[in-house]
Amino acid sequence: MHRRFADADPRHIAELRSTLESSAAQLAAERRTEKDLKQLDALLVRREEAWASGDTEAFVTADATLHMAVVAASHNDVMTAMYADLGEVLREWLRADVGEALTPETYMDHTRLVDAIRAGDAQAAAEEAAGYPFVCRALRFSSPASGG
């Protein structure tokens, strides 16, 4: 899949991520188990620790793992498999967003997402997840060079 999407318009990737992650988060809020919540909590902590360490690759891995766990908590096997297939595309996307160094401008808190899933608030979980793919790319989408 990575080769298929290597030259894709970044907006199209953002739209795919937004749609897929929003739907998955909504389903996760409706279907999550206690085991899912424990895993999401642990992965959120791991993501924060990776950020604090300043290790970009550790953060990319931790963030991607958290997103995968949200999709897995949807308990939709087809959605989970599709998201897993897109894994390297999504990690490349994140690497491009955070760049070579972790900076405050590229940080996005994911606590509200996990909290919405825990609360069973499907709408809040979906809305939170839907915005992530567009936040870091917003400047690129609106720059004159991007045509957006």
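Nothing here was measured: the structure is a model prediction, and the numbers come from that model. (Residues numbered from 1 in each chain as written. Predicted model: local features only at pLDDT ≥ 70, side-chain atom pairs only at ≥ 80, totals over all residues. Heavy atoms only, no water.)

1. Quick notes on the side chain of His-110
Which entries qualify depends on this criterion: Comment: elements are numbered from the N terminus, with helices defined as DSSP H or I runs of at least four residues and strands as E runs of at least two. Under the rule applied, a polar contact is a pair of N or O atoms within 3.5 Å (in protein, one hydrogen donor and one hydrogen acceptor; residues adjacent in sequence only if both atoms are side-chain atoms). Working rule for contacts: check all heavy atoms of both residues, and any pair within 4.5 Å makes them a contact.
Within the secondary structure layout, His-110 lies in the loop between α6 (87-98) and α7 (111-119). A polar contact is formed between the side chain of His-110 and the side chain of Arg-47, at a distance of 3.4 Å. There is a polar contact of 3.0 Å between the side chain of His-110 and the side chain of His-67. Residues within four places of His-110 in sequence aside, it is in contact with Leu-44, Arg-47, Asp-63, Leu-66, His-67 and Tyr-132.

2. Topic: α7
So the rule is basically this: Only protein chains enter the accessibility calculation, which uses a 1.4 Å probe; a residue whose area is less than 20% of its type maximum is buried, one above 50% is exposed, and one in between is partly exposed. By arc we mean the arc of the directions from the helix axis to the C-beta atoms, nothing more.
Those residues of α7 that fall on the buried side of the exposure criterion are Leu-113, Val-114, Ala-116 and Ile-117. Relative to the axis of α7, the buried residues are bounded by an arc of 160° and lie together on one face. In α7, the exposed positions angled more than 90 degrees off the buried face are occupied by Arg-112 and Ala-119. Positive backbone phi, at 75°, marks Gly-120, one or two positions downstream of α7.

3. A look at helix α2 (residues 10-31)
For the record, the criterion: Take the residue count of a helix, subtract one, and multiply by 1.5 Å to get its expected span.
Relative to the 32 Å expected for 22 residues at 1.5 Å per residue, α2 spans 31 Å between its end C-alpha atoms, a close match to the ideal helical length. Taken as a whole, α2 has its buried residues at Ile-13, Ala-14, Arg-17, Ser-18, Leu-20, Glu-21, Ser-22, Ala-24, Ala-25, Leu-27, Ala-28 and Ala-29. The distance from a side-chain oxygen at the start of α2 to the backbone nitrogen of Arg-11 is 2.8 Å, and the residue carrying that oxygen is Asp-9.

4. Remarks on the packing of aromatic side chains
To keep it simple, the criterion reads: Stacked, edge-to-face and tilted labels apply to pairs of Phe, Tyr and Trp rings (six-membered ring for Trp) whose centres lie within 6.5 Å, assigned for plane angles under 30 degrees, over 60, and everything in between, in that order.
Per the stated rule, a full pass over the model turns up two aromatic pairs. Ring geometry for Trp-51 and Phe-59: centres 4.9 Å apart, planes at 75°, overall edge-to-face. Overall, the relative accessible area of 16% leaves Trp-51 in the buried class.

5. Focus: the confidence of the model for the protein chain
Do not read the fine detail of predicted coordinates wherever pLDDT is low. To keep things clear, this is the line we draw: The predictor rates its confidence in each residue with pLDDT, a number between 0 and 100.
When the pLDDT values of the protein chain are averaged, the result is 87; 89% of them are 70 or greater. The spread of mean pLDDT over the elements of the protein chain runs between helix α9 (residues 138-142), the lowest at 45, and α7, the highest at 98. Residue range residues 139-148 is modelled with pLDDT below 50. Its contacts to residues more than four positions away, or to other chains, number 15 contacts.

6. Remarks on the nonpolar core
Let me state the cut-off plainly: Working definition of a nonpolar core: buried Ala, Val, Leu, Ile, Met, Phe, Trp, Tyr and Cys residues. They are joined through side-chain atoms within 4.5 Å.
By size, the foremost hydrophobic cluster in this structure holds 20 residues, and its most contacted members are Ala-25, Leu-40, Leu-66, Val-70, Leu-113, Ile-117 and Ala-125. When residues no more than four places from it in sequence are discounted, the contact partners of Leu-40 are Leu-66, Ala-69, Val-70, Val-114 and Ile-117.

7. Some details on the packing of α7 against helix α8 (residues 122-135)
Put simply, the test is: Angles here are taken between N-to-C directions and fall from 0 to 180 degrees, while the axes themselves are lines fitted to C-alpha atoms, restricted in helices to the stretch in contact. Here the word oblique covers every angle except those under 35 degrees (roughly parallel), over 145 (roughly antiparallel) and from 65 to 115 (roughly perpendicular). By definition, any crossing whose near helix is turned counterclockwise from its far helix by less than a right angle is left-handed, and any crossing with a clockwise turn is right-handed. Residue classes follow a fixed rule: Ala, Val, Leu, Ile, Met, Phe, Trp, Tyr, Cys and Pro count as nonpolar, while Asp, Glu, Lys and Arg count as charged, and any other residue, Gly among them, counts as polar.
Two numbers describe how α7 lies on α8: the axes approach to 8 Å, and their chain directions differ by 155°. In terms of orientation, α7 and α8 fall into the roughly antiparallel class. Seen along the crossing, α7 lies across α8 with a hand that is left-handed. Within the contact between the two elements, α7 uses Arg-112, Leu-113, Ala-116 and Ile-117 and α8 uses Ala-124, Ala-125, Glu-128, Ala-129 and Tyr-132. Tallied by class, residues from the contact of α7 with α8 come to seven nonpolar, no polar and two charged.

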